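# Architecture and fold: a report
Residues per chain, in single letters:
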Amino acid sequence: MNVNYAIITGASKGLGETLARRFLDEGVSVVGISRSINKQLLTYSESTEASFYSYSCDLSAVDELEDTCDQIKTLVFKKDTEKVYLINNAATVNPIDVSANHTREAIEKHVNLNLTAPMFTTSRLLHDAKKYQTKVILANISSGAAQRSTYGWSLYGATKAAINRYTETVALEVDELDEQHKIILFDPSIMDTSMQRDIRSTSKAQFKDVDQFKEYKQENALRSPETVGNVLVDLLLDEQALINGHYYSIHDFV
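Remember, it's a predicted structure, so these values are computed and weren't measured experimentally.

This part covers empty space enclosed by the protein. Overall, the coordinates contain four cavities of 30 Å³ or more when judged by the stated rule. What lines the largest cavity is a set of 13 residues, among which Ile 7, Cys 69, Ile 72, Thr 121 and Leu 125 lie closest to the centre. Of all the secondary structure elements, the ones that give two or more residues to the lining of the largest cavity are β1 (3-9), α3 (62-76) and α4 (104-132). The residue inventory of the lining of the largest cavity, partitioned by class, reads eight nonpolar, two polar and three charged.

This is the structure in structure tokens:
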């Protein structure tokens, strides 16, 4: 019997948790990578036909992430593994402030989490999949912040723009090498998550658009992670219709 796995970074809460539950419902075993372990997902998996594996890892610590990927390789790549999904969901918007106030430590942590981690997991998964001849369906989470400059979001906009170009280039390589993988970008837009709480807690001096984001919450303009997560999983499961290298946005679906 063939087995499929979904590796999800930031699987302990928000969109990541929603994605994990939906994949489990679809019979896809889930490998969650996050700093904290969601025990509820382990309990939830017992009511499904799939399994949940949780790895505690600080994704901004590259050495720790590499060790975690070594462990996941042993778990995931077996003779009966048909397909591996990877959703690089974990990210931070912090520090939210003008660039003059960013410390070296804050810059390093932000870039490692938002850019280095998804680059490394993408590279590592494609390398291991080639060795074991396993198909990869991969989604890197983007943001509208990649398309424009936003006061107080210099790091967030820069790393999201970088992950866009990186993903597009990896998809190009997949096409040129005539490989079977599918690599996409997905923009979930604004969701009711802890990231939005972080944004609303800033001052105008740090983030000029803070009042607009407070209005999003007051006017119930934030989509639920469940709404967004279901769209993304539906998209990834419809492999034949999935376009390699494409930028998908939640606005195209709801």
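Checked against the element boundaries, Ala 91 lands in the loop between β4 (81-88) and α4. In the structure, Ala 91 is positioned 47 residues away from Tyr 44 in sequence and 25 Å away in space, judged by C-alpha atoms. Apart from residues lying up to four places away in sequence, Ala 91 is in contact with Leu 113, Asn 114, Lys 160 and Met 195.

Attention shifts here to the packing of α4 against helix α5 (residues 154-176). A pair of packed helices is captured by two measures, namely the crossing angle of their axes and the spacing between those axes. Where α4 meets α5, the closest approach of the two axes is 9 Å, and the angle between their N-to-C directions is 10°. It follows from the interaxial angle that α4 and α5 lie roughly parallel. Handedness of the crossing formed by α4 with α5: right-handed. Here α4 contributes Ile 107, His 110, Val 111, Asn 114, Leu 115, Pro 118, Met 119, Thr 122, Ser 123 and Leu 126 to the contact with α5, which in turn contributes Leu 155, Tyr 156, Thr 159, Ala 162, Ile 163, Tyr 166 and Val 170. Each residue belonging to the contact of α4 with α5 can be placed in one class, and the counts come to 12 nonpolar, five polar and no charged.

Let us now look at the packing of aromatic side chains. Taken as a whole and judged by the stated rule, the model has eight aromatic pairs. On the basis of an interplanar angle of 45° and a centroid distance of 5.2 Å, the ring pair of Phe 23 and Tyr 85 is categorised as tilted. Residue Phe 23 is located in helix α1 (residues 14-25), and its partner Tyr 85 is located in strand β4; the two are separated by 62 residues in the primary sequence. Both residues of the pair, Phe 23 and Tyr 85, count as buried. In this structure an aromatic cluster arises from ring pairing among Trp 153, Tyr 156, Phe 207, Phe 213 and Tyr 216. Residue placement shows Arg 21 over the ring face of Tyr 44; its charged tip is 4.7 Å from the ring centre. A cation over a ring is seen here: Lys 208 above Tyr 151, with NZ or CZ 4.7 Å from the ring centre.

Let us now look at the pairing of strand β5 (residues 135-141). In terms of residue burial, β5 counts as a mostly covered element, since six of its seven residues are buried. Bridge count for β4 against β5 is six bridges, and the pairing is parallel. When the sheet's bridge partners are listed, Leu 86 is paired in β5 with Leu 138. For the crossover from β4 across α4 to β5, the handedness is right-handed. By the bridge criterion, five bridges tie β5 to strand β6 (residues 182-187) in an arrangement that is parallel.

The rules behind these values
Residues numbered from 1 in each chain as written. Predicted model: local features only at pLDDT ≥ 70, side-chain atom pairs only at ≥ 80, totals over all residues. Heavy atoms only, no water. 1 Å grid on protein atoms, 1.4 Å probe; cavity = no way out; pocket = protein on both sides within 12 Å on 5 of 7 lines; lining within 4 Å. Points joined across faces, edges and corners; volume = space filled by probe spheres on them. Helix = DSSP H or I, 4+ residues; strand = E, 2+ residues; numbered from the N terminus. Nonpolar A, V, L, I, M, F, W, Y, C, P; charged D, E, K, R; others polar. Contact = heavy atoms within 4.5 Å. Axes fitted to C-alpha atoms, helices over the stretch in contact; angles between N-to-C directions. Parallel < 35°, antiparallel > 145°, perpendicular 65-115°, else oblique. Left-handed = near helix turned anticlockwise from the far one by under 90°. Phe/Tyr/Trp six-rings, centres within 6.5 Å; stacked < 30°, edge-to-face > 60°. Buried < 20%, exposed > 50% of the residue type's maximum accessible area, 1.4 Å probe, protein only. Lys NZ or Arg CZ within 6 Å of the ring centre and 35° of its normal. Pairing = 2+ DSSP bridges. Right-handed = clockwise from strand over helix to strand, strands pointing away.

None of this, on its own, says anything about what the molecule does.
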